[in-house]
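Spelled out from the first residue to the last, the chains are:
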Amino acid sequence: MRPTHGDVLDRSRQDAGLSHGELWLRYFALGGMSTALQLEAFLYGALQPTSHDHNVIAHALNERFVELGGNHPVPYDDDEET
Amino acid sequence: MIAQWLASADSLGPKVTTGIGPLADFGVAASFAGEQAVLGVRGELDRVTAPVLAALFDAVISSGYPSVLLDLQDANSIDAAGLAVTADAASRLVAQGGQLMLRSPLTENARTIDLGWLAGLINQELRGPDEDRLGPEQTTLESLTQTAPRIPPDLKTVTGTLANEDVVHGALRLVVALARATVGGADGASVTLRRFGRLATVAASDATISDMDANQYATGEGPCIDASLQGRWYHAESLENETRWPAFTPRARSLGISAILSSPLLAQGQPMGALNIYSRTAMAFAAKEQGLAAMLATEASRLLSAAHSSASDDQLTDRLQGALRTREVIAEAQGVIMERQGVGENEAFEILRRFSQQSDLSLRARAQDVVDSTRQTELDLGPPEAD
């Protein structure tokens, strides 16, 4: 079982200075298939994203962090020991 | 940027209804900066007006704002009742790990008592030796808005527009709490917003209220939907005799709801959603409650207008088109990788993503490289099936 990503993801979103709408747009641009409402549910941990969805969200956040001069602080799913 | 509204002393919303009472000089302006709520008191804070401040404190604290700044710069006087309310709020905030701060109590307007000792008292009680954020040292409201929590100041300048939406949602949650706390007979409240072409509840006082809203979205009818789409208010005085929403009404009654008041929220004149107030008591919402609901809806609308104007429809369209173009390039590159390496769609994304991560180039740039590589060598490889 993967841990709940909700809190981590939404905190990262806030750290990245992205609104829910802005993050969804980036997620959508990367090919994300979930609606904005579903994305919010993932962020809050109310819904569990698929591994792929998680990685798309994580990458959307990480690209923002790279733009801000950071690295890829949000872990991807395959980074975790399962 | 900062949300603001006035709660009048007589809770009638004199800005909306007629009949300005003798307490019209008193008012509390609430505003929000990140995780901090600011309550600005104007006029005489005494045993008549203190309950209004108490209700606002209740609303702010139950909305989860850990830090409250009580701005007494424009308070003419404060008596024992006012102090009791303030002290009570302070102890509740501290119990929750939060804090109450005072701003500039030592002003010439503080006629009746020297408020400095109060600042000292609360300072001692709440902040211990760390006094630097208290009292007269507090800076202006404008500077507070620039200290959104968790976001370093240097990022702020980079990103330009910060999580405006968080501020708006926080404020809408507070509107819900305010509606519940201040509108007589209210057993619950919610805010519905039209987002991405559909209605959704963005704030609700409890699960029953969320269910109430969900029932309206499910049946496609109800006062909240009509108010949200038509931009006018709907009042179901008594669901027992209600005939306008035959599919929704029985569901509402089964949840014990007897009266509903939905006030429209407008952003730049366009219907954007509704503030819904529910009661278990039929005929709960008379003219006074309607006036207060209208005032809260007006203030929520102002907030939405401010947030909405930060990204015009044109800008949004441009950004959506940009996102679509990126999406197409990435899909095309995924197709190429799927064909070349015999992998599935998600695996192709993972390959692109690792490429991107290793090179610090954006995934779109990497995808473009992949697409370009095929165009240079094998023009007939083509993109994946469009359908």
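Residues numbered from 1 in each chain as written. Chains lettered and ligands numbered in written order. Predicted model: local features only at pLDDT ≥ 70, side-chain atom pairs only at ≥ 80, totals over all residues.

Caption draft 1: Geometry of the overall build of chain A. From N to C terminus, chain A includes 4 helices and 0 strands. When its helices and strands are written in sequence order, chain A yields α-α-α-α. In chain A, buried positions account for 46% of the 82 residues. Considering only intrachain contacts with a sequence separation of at least 6, the fraction spanning at least 24 residues in chain A is 55%. (Helix = DSSP H or I, 4+ residues; strand = E, 2+ residues; numbered from the N terminus. Buried ≥ 20, exposed ≤ 12 C-beta atoms within 10 Å, placed from the backbone. Contact = placed C-beta atoms within 7 Å.)

Caption draft 2: Broad picture of the overall build of chain B. Counting its regular elements, chain B contains 13 helices and 10 strands. The 387 residues of chain B split such that 42% are buried. In chain B, once contacts between residues fewer than 6 apart in sequence are set aside, the share between residues at least 24 apart is 65%.

Caption draft 3: Just the sheet that holds strand S7 (residues 198–204) of chain B, in detail. All names here are of chain B. Taking strand neighbours across the sheet as the criterion, the 5 strands line up as S7-S6-S10-S9-S8 in an open arrangement whose pairing is antiparallel. Only two strands of the sheet have a single partner each, and these edge strands are S7 and strand S8 (234–236). Between one strand axis and the next, the sheet turns by 20 degrees as a mean value, whatever way the strands run. As paired strands, strand S6 (residues 188–195) and S7 are joined by 6 bridges and run antiparallel to one another. (Pairing = 2+ DSSP bridges. Axes fitted to C-alpha atoms, helices over the stretch in contact; angles between N-to-C directions.)

Caption draft 4: Expanded view of unusual backbone geometry. Phi at Met-283 of chain B is positive, roughly 60 degrees, even though this residue is not glycine. Tracing the backbone shows Met-283 of chain B in the loop between strand S10 (270–279) and helix H10 (287–309).

Caption draft 5: Inspection of the packing of helix H2 (residues 20–29) of chain A against helix H4 (residues 51–67) of chain A at higher detail. Residues and elements named next belong to chain A. Packing of H2 against H4 brings their axes to within 9 Å, and their N-to-C directions diverge by 110 degrees. By the angle between their axes, H2 is roughly perpendicular relative to H4. When the axes of H2 and H4 are compared, the crossing they make is right-handed. In contact with Leu-23, Arg-26 and Tyr-27 of H2, H4 contributes Val-56, Ile-57, Ala-60, Glu-63 and Arg-64. Among the residues making up the contact of H2 with H4, the classes are represented as 5 nonpolar, no polar and 3 charged. (Parallel < 35°, antiparallel > 145°, perpendicular 65-115°, else oblique. Left-handed = near helix turned anticlockwise from the far one by under 90°. Nonpolar A, V, L, I, M, F, W, Y, C, P; charged D, E, K, R; others polar.)

Caption draft 6: Inspection of the pairing of strand S3 (residues 36–45) of chain B at higher detail. Residue and element names in this part refer to chain B. Burial within S3 is extensive, with 8 of its 10 residues counted as buried. Two elements, strand S2 (residues 27–33) and S3, share 7 bridges in a ladder whose sense is antiparallel. Considered in S3, the bridge of Ser-31 is made with Val-38. Here S2 hands over to S3 after 2 residues, with Gly-34 in that stretch at a positive phi of 60 degrees.

Caption draft 7: Up close: the environment of Arg-47 of chain B. Assignment of secondary structure puts Arg-47 of chain B in the loop between S3 and helix H1 (50–62). When the C-alpha positions of Arg-47 of chain B and Val-85 of chain B are compared, they lie 9.6 Å apart, and in sequence the two are 38 residues distant.

Caption draft 8: The arrangement of the nonpolar core in detail. By size, the foremost hydrophobic cluster in this structure holds 75 residues, and its most contacted members are Ala-179 and Leu-275 of chain B. Those residues in contact with Ala-179 of chain B that lie beyond four places of it in its chain are Ala-186, Ala-189, Leu-275, Ile-277, Ala-293 and Leu-296 of chain B. Judged by nonpolar contacts, the second largest core, of 31 residues, contains Tyr-27, Leu-43 and Val-56 of chain A together with Ala-333 of chain B. (Core = buried A, V, L, I, M, F, W, Y, C linked by C-beta atoms within 7 Å.)

Caption draft 9: Looking closely at helix H3 (residues 36–44) of chain A. All names here are of chain A. Taken as a whole, H3 has its buried residues at Ala-36, Leu-39, Glu-40, Phe-42 and Leu-43. Taken end-on, H3 shows its buried residues confined to a sector of 155 degrees, consistent with a single buried face. Looking at the residues trailing H3, positive phi occurs at Gly-45, about 80 degrees. (Arc of directions from axis to C-beta.)

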